[in-house]
Amino acid sequence: MKVCTDACLFGAIMANYLEKQNVNSLADIGTGTGLLSLMVAQKNKCLIDAYEIDENAALQAEQNFNRSPWHAKLRIIKGNIKTLHINTSYDWIICNPPFYENSLRSNNQHKNIAMHSQELLLEDVLHICEECLNGQGKFAILLPYFRSTAFIGMAHQKKFFLEYKLDIKPSPKHHFFRTICIFSKQPTPLLTDDTLTIREVNNNYTTYFTELLKDYYLFL
């Protein structure tokens, strides 16, 4: 799968956010080729378990981990997290789940697993977070903007409290298209409700985006 700008943005925000937290263990649900885990590992000392159902993606993630300077902190776990017996209670879970439901599907089964939600519904994400987070645990998720309000309501019903929300749009002339949310198991005020624009009208990256991604993009 190609590396997407919104996934890189999610990884950068999580890496910075987690630097301010006391995190020992983190799970990356549906890691794909390991992008989010690698970005978090670049700036944090926590141990990261990266779960991936697709065998080819898991193999590539494992190769990427082994070739990185942070390989000692990273572990790939192959399989469907919904059926694995997980004995670990994590401090944090991060997830960039499949976005599409009831939409046109590809002939490529690997793309369908990565992009269509039949293998990992948003309800599944909440159940995994209920089961796998410790009592003080938190989770972060990248969502299509149009699904964020409904998901926040679903999370509240499961007693997760919204701590951070960032709505993202490609440029000033576009509508919001992604939302990053962070939830806590403990009651907490909404610390940040913010917006971010990726590019200016002249197509240059905004200062906000550049500051977040300069440690990861070679050309910034």
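The structure this text deals with has already been given above.
A short tour of the structure in this document, coming up. Note that this is a predicted model, so its numbers are computed, not measured. (Residues numbered from 1 in each chain as written. Predicted model: local features only at pLDDT ≥ 70, side-chain atom pairs only at ≥ 80, totals over all residues. Heavy atoms only, no water.)

Bridging between strand 2 (residues 47-52) and strand 3 (residues 74-78) involves five bridges; their strand directions are parallel. Paired with glutamate 52 across the bridge in strand 3 is lysine 78. This β-α-β element, strand 2 to helix 3 (residues 55-66) to strand 3, shows right-handed connectivity. (Pairing = 2+ DSSP bridges. Helix = DSSP H or I, 4+ residues; strand = E, 2+ residues; numbered from the N terminus. Right-handed = clockwise from strand over helix to strand, strands pointing away.)

Right, let's talk about the packing of aromatic side chains for a bit. Under the counting rule described, the total for this entry stands at 13 aromatic pairs. Between tyrosine 17 and tryptophan 92 the ring centres are 6.0 Å apart and the planes differ by 70°, which places this aromatic pair in the edge-to-face class. With tyrosine 17 in helix 1 (residues 5-19) and tryptophan 92 in strand 4 (residues 90-95), the pair connects residues that are 75 residues apart, well separated along the chain. We note that tyrosine 17, like tryptophan 92, is buried. A centroid spacing of 6.4 Å and a plane angle of 90° characterise the contact between tyrosine 51 and tyrosine 90, whose relative ring orientation is edge-to-face. You can see tyrosine 51 sitting in strand 2 and its partner tyrosine 90 sitting in strand 4, a full 39 residues away along the chain. Note on accessibility: tyrosine 51 and tyrosine 90 belong to one class, buried. Among the aromatic side chains, those forming a connected cluster through ring pairs are Phe139, Phe151, Phe160 and Phe183. In this structure, arginine 199 packs its charged tip against the face of tyrosine 205, placed 4.1 Å from the ring centre. (Phe/Tyr/Trp six-rings, centres within 6.5 Å; stacked < 30°, edge-to-face > 60°. Buried < 20%, exposed > 50% of the residue type's maximum accessible area, 1.4 Å probe, protein only. Lys NZ or Arg CZ within 6 Å of the ring centre and 35° of its normal.)

A few words now on the environment of valine 3. Topologically, valine 3 is positioned in the segment before helix 1. On the basis of relative accessibility, which here comes to 55%, the residue valine 3 falls in the exposed class. Considering only alpha carbons, one finds valine 3 and leucine 35, 32 residues apart in sequence, at a separation of 7.8 Å.

All right, on to the sheet that holds strand 1 (residues 25-29) then. Reading across from one edge, 3-2-1-4-5-7-6-8 is the order of the eight strands in this open sheet, with mixed pairing throughout. Looking along the sheet, the strands with just one partner apiece sit at the ends: strand 3 and strand 8 (192-197). The sheet shows a mean angle of 15° between the axes of neighbouring strands, direction not considered. Pairing of strand 6 (residues 161-169) with strand 8 involves six bridges; the strand directions are parallel. Counterpart to aspartate 167 in the pairing with strand 8 is threonine 195. Along the sheet, helix 2 (residues 35-43) contacts strand 1, strand 2, strand 3 and strand 4; its crossing angle with strand 2, the most-contacted strand, is approximately 175°. (Axes fitted to C-alpha atoms, helices over the stretch in contact; angles between N-to-C directions. Contact = heavy atoms within 4.5 Å.)

Moving on, we come to the packing of helix 1 against helix 2. Interaxial distance between helix 1 and helix 2 falls to 8 Å at its minimum, and their mutual angle equals 35°. The interaxial crossing formed by helix 1 with helix 2 has right-handed handedness. Mapping the contact onto sequence places Ala7, Cys8, Phe10, Gly11, Ala12, Met14, Ala15, Asn16, Leu18 and Glu19 in helix 1 and Leu35, Leu36, Met39, Val40 and Lys43 in helix 2. (Left-handed = near helix turned anticlockwise from the far one by under 90°.)

To continue, consider the packing of helix 5 (residues 122-132) against helix 6 (residues 145-157). With their axes 11 Å apart at the nearest point, helix 5 and helix 6 run at an angle of 35° to one another. In this structure, helix 5 crosses over helix 6, and the sense of that crossing is right-handed. Facing Leu122, Glu123 and Leu126 of helix 5, the residues of helix 6 in contact are Arg147, Phe151, Met154 and Ala155. Of the residues belonging to the contact of helix 5 with helix 6, the class tally is five nonpolar, no polar and two charged. (Nonpolar A, V, L, I, M, F, W, Y, C, P; charged D, E, K, R; others polar.)

One pass over the structure, following the stated rule, counts zero disulfides. Sulfur of cysteine 8: no disulfide; nearest cysteine sulfur belongs to cysteine 4 and is 7.9 Å away. With no disulfide partner, cysteine 129 has as its closest neighbouring cysteine sulfur the one in cysteine 95, 7.3 Å distant. (Disulfide = S-S within 2.5 Å.)

This part takes up the nonpolar core. Counting 42 residues, the largest nonpolar core has Leu9, Met14, Leu26, Val40, Trp92, Ile180 and Leu213 as its most contacted members. Sort the elements by how many residues they give to this core and helix 1 lands first, with nine residues. Those residues in contact with valine 40 that lie beyond four places of it in its chain are Met14, Ala15, Leu18, Leu26, Cys46, Ile48 and Ile94. (Core = buried A, V, L, I, M, F, W, Y, C linked by side-chain atoms within 4.5 Å.)

Taking 1.5 Å per residue as the helical rise, helix 1 with its 15 residues ought to reach 21 Å, and the 21 Å between its terminal C-alpha atoms agrees with that figure. Counting buried residues in helix 1 gives 13 out of 15 residues, a clear majority hidden from the surface. (Expected span 1.5 Å × (residues − 1).)

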